[in-house]
Structures are given as structure tokens and as C-alpha cells.
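Structural overview
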Amino acid sequence: HKLHVPLGQFHAMLWLLTAIIEFPAILIASASTILALCGCAACAEFRLRDWFCIKRCLRWTGKDAFDDFELMVFVHEINGDEHKLARRVRVTAGDHTVRTDRQTKGVFQQPLSVFVEQGTRLIFVDLLDNGGGVLATLKLVAVDVLKQTTQQEQLFDMRQRHKLVQCPKLKLTLRVNHTADEEQGLAQHGSIDFLVSQRLRKAEEEGTQSGRKISELELLGIACAGPLELFGKNGQRQPVYVAAIGPPISRRLMLGIWNQKTDLEHRLPPTEEVDLLKVEGIQADPQRTDVFVISHFDKNRVPKKMFLRRVDRARDVWVDMLLMLVRKSREAKDAKKEKSGKSQPISPSGSTRSVLTDSTSSRRGSSCSGSYIDSNSSTAS
């Protein structure tokens, strides 16, 4: 018997068979297209130095002049920007980019760490406006940065890219972190350690201009002097000048606060005083990157908190320096007690070099946000 299939059923069966075959084919074609696109994207981002053997060959043959290294860029301030608007500094080395926080007065005082890969030719430092537009640019040759020996502040002329800035100059400190530093655990806190040591060296140069040897306590007193902004009761900021004072100006070791530096130079009394022996703690504000807090007791033994905003240096540098000053003040008091009541001036307990070394050890032993101090004896005195 012959099998007779109606024409309509035959077309339906043929369509069903075609659909069964086409569906896997569409899936395979889609997957192949996606894989092809991913492969093209990977090839577009592929670099010869991504292969370790090729990277080492380029270094061995001298095609690349240096290995990978980490560059610490300390952004201090920008000159030539008369408009008090929000600005940022961006550092770019190849595919790696870091930025500072926004500042409106042109004073950043912020360390940045950027990874410079082997084969990178130029390092770009850009001044950005609030919207991310480039106002000025500075080009640094990676080989020259690696060869430099000085680690002092340098003033660089930037190339103007916008009329909002005129002849911009950027003050930077460049420091190359080597492998030995990372093995010693300085990768995390090395930037602040370096800034503290740099500040102590400046203070030592200022102190030795008188021609006499200064003590560690005097060195820290010089280093802890500078402009700050004091927060009032209503949250308003007032520019002040802070400095450490002691005998013969003050009977006790105090942290004095003046309205301006000239008031201190004219020997005017400070508007506020903080007894260094009654400081309970010095901590960084966790909510604001440029504010720190001094917790202390006043002359009536009432606990007080003083909120200060940094101006001319990094916030964590202020915290570390003041912590060191408080500790040295208490050590000086204990040493004076051991002298059986002899009223002699505080003599140097060692060379100023020990303070420079102690700045690194204190940073390793405490957190970046500062710490509280054991003040059982000081608060009672």
C-alpha cells in the first residue's frame, strides 16, 4: 500500500524539522560570535610585555632601561591658579592612574603611589578642574625620574592647557620605592614616614642656624610649628598659628595657639593653650581626610576636644609629629624627676638623628589615624 501524506501535513513536518535544526545552529553561531568578539578585544589589549619571557628579553637586550618600580609622588601645592575652585592632580603612568582629593586653595599635601611598569616612557601629571577637564600638564621622563638622587621638594613648570591658570607651577617630591623598602614593610606607611623625616630635617636646619646643638625636644618643637585652621563652636574655621612653647616663655610645656604668626614673633600671649602633659590623645578624623582632633584636659581638669584642619602639610604628618612631641615631653618630665629636684634645663637625651629614626618606628607601631596616650600621671599633675 502506498502511504499518502497530505500536502499540509508534509509542510508542517518540514517546518518542524527545519526549526529543530536551526535552533542549535543559532546557538552555536551566537556563541562563536561572542567568542570572536572577546578574542578581538583580548588581542587589542595584548602587549608583548604581558609575556614574561618577552619582557625579560627586552630588559636583557637593553630595549627597556628599567624594571617595574613604584613611584611615590608627594603633591604639595600648585602656583598660578588664582581662581579658588576645586582642583585635583592626576598622575598617570601607562595604564595606572591615581588622583588626589579635591582642594579649593591649591594646597594638596597628599602622597600618591603609582606603579610604573617596564617600558613606560612618560609619566603625566595633570591638573584637573572639578569636571575632570585638563587645565595644565607636566611630562616626566620615567628614566630621568629613576636616576634622580635628590628627594627634596621641586618646583616644576607645567604646560598651560586652559586660560583659567596662568604660568602654573607644581611643587612635587618624587621618591622611588625599591624592593628592599617593600620587604621592610614600608609600602603601606612609607609615604608618611618620609614626609615626617623630611619635616624633621627642615626643622633641624632651622634650629642649627643659631650655631648651637639643639635637643630632641627643641627639634620637635620647631617641627610642630605651622599654620592650621581651628574649628569654632558653630563649625566655622579660623586661621591660626600653632607652636610649642616652654621655659622661659612658659613654665610648663604647652602647645600655644595664636591668631597669626606675627603675634608669636612679637611675644604676644597665645589665645589658647594646651598643656602637653595633659593631652589624652591625638587622632585623625575618620570622616574628613584633612582634619585631626586633640583630646586634652584644661586647667580645671575638664575634658576638651580641639578640631584642627591642616594647611601646609599632610594631616597624618601633624598627627605623628604631635604624638612624638607629647611623648618626648613626658620623657623629659620623668628625666627631670630623676634628677632629685635639681632645676636644670633639659639637656639633649641624644642626637637629633635619633628623632629622625624614631619617626619611622612610631609610624610602624601606631595606626595611620593616630593613637591615644597613656596619661595616668600627666592628667593628675
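Structure's up top.
Keep in mind that this is a model prediction, so the values were computed, not measured.

What counts and what doesn't
Residues numbered from 1 in each chain as written. Predicted model: local features only at pLDDT ≥ 70, side-chain atom pairs only at ≥ 80, totals over all residues. Heavy atoms only, no water. Helix = DSSP H or I, 4+ residues; strand = E, 2+ residues; numbered from the N terminus. Buried < 20%, exposed > 50% of the residue type's maximum accessible area, 1.4 Å probe, protein only. Contact = heavy atoms within 4.5 Å. Areas by Shrake-Rupley, 256 points an atom, 1.4 Å probe, with all protein chains shown as cover. Pairing = 2+ DSSP bridges. Axes fitted to C-alpha atoms, helices over the stretch in contact; angles between N-to-C directions. Patch = residues over 30% accessible without salt bridge, like charges linked within 9 Å, V, L, I, M, F, W, Y side chains within 5 Å. Salt bridge = Lys/Arg side-chain N within 4 Å of Asp/Glu carboxyl O.

Let us look at the overall build of the protein chain. Broken down by element type, the protein chain carries 10 helices and 17 strands. Every one of the 381 residues in the protein chain was classed for burial, and the buried ones make up 41%. Intrachain contacts of the protein chain at a sequence separation of at least 6 include 57% that bridge at least 24 residues. For the protein chain, the computed accessible surface area is about 22400 Å², with 55% contributed by carbon and sulfur atoms.

Next up on the list: helix 6 (residues 216-223). Of all 8 residues making up helix 6, 6 are buried, and the element is well covered by its neighbours. Inspection of helix 6 places Glu216, Leu217, Leu219, Leu220, Gly221 and Ala223 among the buried residues, and these make up the whole buried set.

What follows deals with the sheet that holds strand 9 (residues 169-177). Picture the strands of a sheet paired through backbone hydrogen bonds; they go either parallel or antiparallel. Across the sheet, 4 strands lie side by side as 4-1-9-7; this open sheet has antiparallel pairing. Two strands lie at the open edges of the sheet, namely strand 4 (107-116) and strand 7 (154-157), each paired on one side alone. In this sheet, adjacent strand axes meet at a mean angle of 35° when their direction is disregarded. Strand direction decides the pairing type here: strand 1 (residues 69-79) and strand 4, joined by 8 bridges, are antiparallel.

This part covers a nonpolar patch on the surface. Together, Trp15, Leu16, Leu17, Ile20 and Ile21 make up an exposed nonpolar region whose accessible area comes to about 580 Å². Counting through the fold element by element, Ile21 comes out in helix 1 (residues 7-45).

Keep in mind these values describe shape, not function.
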